[in-house]
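Topology and contacts: notes
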Amino acid sequence: MTGLLMVAYAIVRLLMGSPMSSPVSYIVDAVLIVAVFLFTAYYRAALPDKRITFKEAVLFGIGLSFVAAFVYAIALGVVGLLSPQQTVLFTVTMTPNEITLQDPQMHYWAFWWAIVAFVEVALLGSFAAFIAAICFRNEKPPLRQKDKE
């Protein structure tokens, strides 16, 4: 769901004639962070006794982030292939390279920007998961003591 929301923003911008200038933006980042917090809170509320450990919350948030990053990256790669203007804009904005719509490596650039988006979304989402886990944890794991013999 989170990845689809981020893709929807990119597609709406493209259809409005004002495509994103970078595969990552503050709005995409904000959607990701808010979604990680909201879904972590929803997950905690769905648990029995509404109790969640730090580790459980972090793992849930990281999993959510990686799935969202994968969905966003694949969709951004497809959008880049279907809309060469978007890929050219990403490349011109993000690198010193000047490419045209007739560039024979256009498909490579499209998937390069998908990889960049995947890495950025996965890292930012993992950080958001860590912060959300700190905010929402309400149970400590049981302590295990070693027997000394």
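Rules used in this analysis
Residues numbered from 1 in each chain as written. Predicted model: local features only at pLDDT ≥ 70, side-chain atom pairs only at ≥ 80, totals over all residues. Heavy atoms only, no water. Core = buried A, V, L, I, M, F, W, Y, C linked by side-chain atoms within 4.5 Å. Buried < 20%, exposed > 50% of the residue type's maximum accessible area, 1.4 Å probe, protein only. Helix = DSSP H or I, 4+ residues; strand = E, 2+ residues; numbered from the N terminus. Contact = heavy atoms within 4.5 Å. Phe/Tyr/Trp six-rings, centres within 6.5 Å; stacked < 30°, edge-to-face > 60°.

**Points about the nonpolar core**
In terms of nonpolar packing, the biggest core is built from 28 residues, with Met6, Met20, Leu32, Val36 and Tyr72 touching the most fellow members. Looking at this core, the elements with two or more residues in it are α1 (2-15), α2 (26-46), α3 (54-82), α4 (84-94) and α5 (106-136). A per-element tally of this core places α5 first, with eleven residues. Ignoring sequence-local partners within four residues, the contact set of Leu32 consists of Thr2, Met6, Ala68, Val121, Leu124 and Gly125. Counting residues in each nonpolar core, the second largest holds five residues, with Leu47, Ile52, Ala57 and Ala133 among its members.

**Structural notes on the packing of aromatic side chains**
Applying the stated criterion across every chain yields a total of five aromatic pairs. Consider the rings of Phe37 and Phe136, whose centres lie 6.1 Å apart with planes at 65°: the pair is edge-to-face. Residue Phe37 is located in helix α2, and its partner Phe136 is located in helix α5; the two are separated by 99 residues in the primary sequence. Residue classification places Phe37 among the partly exposed residues on the basis of a relative accessible area of 23%. Residue Phe136 is classed as buried on the basis of its relative accessible area, which comes to 17%.

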